[in-house]
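Breakdown of the fold
Each chain is listed here by its residues.
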Amino acid sequence: MWSALIAGFLILILLLIFIAQNTASTPFAFLGWRWSLPLGVAILLAAVCGGLLTVAVGTARIVQLRRAAKKNLTATAPH
């Protein structure tokens, strides 16, 4: 557990350094919205959104598989 915590802190430090070094404001446009963010923040935000999307899809798939397994288990159980 300690090694995972230390690795997480090292990654956090690297991310903070990356954001601190990429502070130039960059214009963005998406579906008619236009805004400006520091490049490091924009890349971090995109990574977080991608991770959340991956977790949502993975969770939906796990729920789907659990329902199918439960249905299969009740269908094959002796009465």
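It should be emphasised that the depicted structure is a prediction, and the values quoted were computed from it without experimental measurement. (Residues numbered from 1 in each chain as written. Predicted model: local features only at pLDDT ≥ 70, side-chain atom pairs only at ≥ 80, totals over all residues. Heavy atoms only, no water.)

Attention shifts here to the overall build of the protein chain. When helices and strands are tallied, the protein chain shows two helices and two strands. The helix and strand sequence of the protein chain, counted from the amino end, reads α-β-β-α. Over its C-alpha trace the protein chain gives a radius of gyration of 21 Å, far above what one expects of a compact globule, namely 12 Å for 79 residues. The dimensions of the protein chain, computed from C-alpha atoms along their principal axes, are 70 × 45 × 5 Å. Considering the protein chain as a whole, with its 79 residues, one finds that 3% of them fall into the buried category. Of the roughly 7,000 Å² that the protein chain leaves accessible, carbon and sulfur atoms contribute 75%. (Helix = DSSP H or I, 4+ residues; strand = E, 2+ residues; numbered from the N terminus. Rg over C-alpha atoms; globule rule 2.2 N^0.38 Å. Buried < 20%, exposed > 50% of the residue type's maximum accessible area, 1.4 Å probe, protein only. Areas by Shrake-Rupley, 256 points an atom, 1.4 Å probe, with all protein chains shown as cover.)

Bringing helix 1 (residues 2-21) into the picture now. Taking 1.5 Å of rise per residue, the 20 residues of helix 1 would be expected to cover 28 Å, and the 29 Å separating its terminal C-alpha atoms lies within 8% of that figure. Counting buried residues along helix 1, only zero of its 20 residues qualify, which leaves the element largely exposed. (Expected span 1.5 Å × (residues − 1).)

A cluster of nonpolar side chains, Trp2, Leu5, Ile6, Phe9, Leu10, Leu12, Ile13, Leu14, Leu16 and Ile17, forms an exposed patch at the surface whose accessible area comes to about 1,000 Å². Its location among the elements puts Phe9 in helix 1. (Patch = residues over 30% accessible without salt bridge, like charges linked within 9 Å, V, L, I, M, F, W, Y side chains within 5 Å. Salt bridge = Lys/Arg side-chain N within 4 Å of Asp/Glu carboxyl O.)

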